[in-house]
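Results of the structural survey
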Amino acid sequence: MSADQLAVLCQRMADDSDAVRTAPEARALVESITSRLRDGAGLDDLTDRLDRLEEMLLRAGHAAGLSPVRSYERLLGTNDGHRVLEVLRCPAGTCTRVEVPGSEPTPCLVHRRPMVVAQLRS
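Below you will find a few notes about this structure.

Definitions and cut-offs
Residues numbered from 1 in each chain as written. Predicted model: local features only at pLDDT ≥ 70, side-chain atom pairs only at ≥ 80, totals over all residues. Heavy atoms only, no water. Helix = DSSP H or I, 4+ residues; strand = E, 2+ residues; numbered from the N terminus. Contact = heavy atoms within 4.5 Å. Areas by Shrake-Rupley, 256 points an atom, 1.4 Å probe, with all protein chains shown as cover. Pairing = 2+ DSSP bridges. Core = buried A, V, L, I, M, F, W, Y, C linked by side-chain atoms within 4.5 Å. Buried < 20%, exposed > 50% of the residue type's maximum accessible area, 1.4 Å probe, protein only. Polar contact = N/O pair within 3.5 Å; in protein donor to acceptor, adjacent residues only side chain to side chain. Axes fitted to C-alpha atoms, helices over the stretch in contact; angles between N-to-C directions. Parallel < 35°, antiparallel > 145°, perpendicular 65-115°, else oblique. Left-handed = near helix turned anticlockwise from the far one by under 90°. Nonpolar A, V, L, I, M, F, W, Y, C, P; charged D, E, K, R; others polar.

**A closer look at the overall build of the protein**
- Across its full length, the protein holds four helices and five strands.
- Going residue by residue from the N terminus, the α and β elements of the protein occur as α-α-α-α-β-β-β-β-β.
- The contacts of the protein with a sequence gap of at least 6 include a subset with a gap of at least 24, amounting to 53%.
- When the accessible surface of the protein is totalled, it reaches about 7,500 Å², and 49% of it is carbon and sulfur.

This is how it looks when you write it as structure tokens:
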């Protein structure tokens, strides 16, 4: 399991209409993955489950799967394109998801904790 795939999963979990939340079989697998992560399992221990979820999503017609390339979206809040110096990141450091800080706390639904502020380095 890659940190990039976990970042995409976390982002998809935040969307109430996404298949990882609405499709019962996918939701059960997501709960299994996130529960194991919260219990301390390493990313390498979850590769098979994440690959199964990716395949499940692709077969069901969700072309983005868990690929950060296929599901790319412009980072919200970047306005005129100037570099963002502070971002929110995964609270456990297990994935590469980043978000622009906003007025409301941004949750990590994998670890069930708020995302934390991090400085970007060039």
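**Quick look at the pairing of strand β1 (residues 86-89)**
- As defined by bridge partners, β1 adjoins strand β5 (residues 116-119) across four bridges and the pair is classed as antiparallel. The partner of Leu88 across the bridge, within β5, is Val117.
- Pairing between β1 and strand β2 (residues 98-99): two bridges, direction antiparallel. In the sheet register, Arg89 faces β2, and the bridge partner there is Val98.

**Here's the deal with the nonpolar core**
- Counting residues in each nonpolar core, the largest one holds 25 residues, and the members touching the most others are Leu9, Ile33, Leu53, Leu66 and Val110.
- Among the secondary structure elements, those contributing two or more residues to this core are α1 (3-13), α2 (19-22), α3 (24-38) and α4 (47-59).
- Leave out the neighbours within four places in its chain, and Leu53 touches Leu9, Ala26, Leu29, Val30, Ile33 and Leu66.

**Looking at the sheet that holds β2**
- Across the sheet, three strands lie side by side as β2-β1-β5; this open sheet has antiparallel pairing. Lying at the two open borders of the sheet, with one neighbouring strand each, are β2 and β5.

**Regarding the side chain of His111**
- Structurally, His111 can be placed in the loop between β3 (107-108) and β4 (113-114).
- Residue His111 is classed as buried on the basis of its relative accessible area of 9%.
- Only 2.9 Å separates the side chain of His111 from the side chain of Thr94, close enough to count as a polar contact.

**A word on the packing of α1 against α4**
- Two elements in contact, α1 and α4, have axes separated by 11 Å at closest approach and are oriented at 55 degrees. In terms of axis orientation, α1 runs oblique to α4. Once α1 is placed against α4, the crossing between them reads as left-handed. Together, Gln5, Leu9 and Arg12 of α1 and Leu50, Asp51, Leu53, Glu54 and Leu57 of α4 make up the contact between the two elements.
- Of the residues belonging to the contact of α1 with α4, the class tally is four nonpolar, one polar and three charged.

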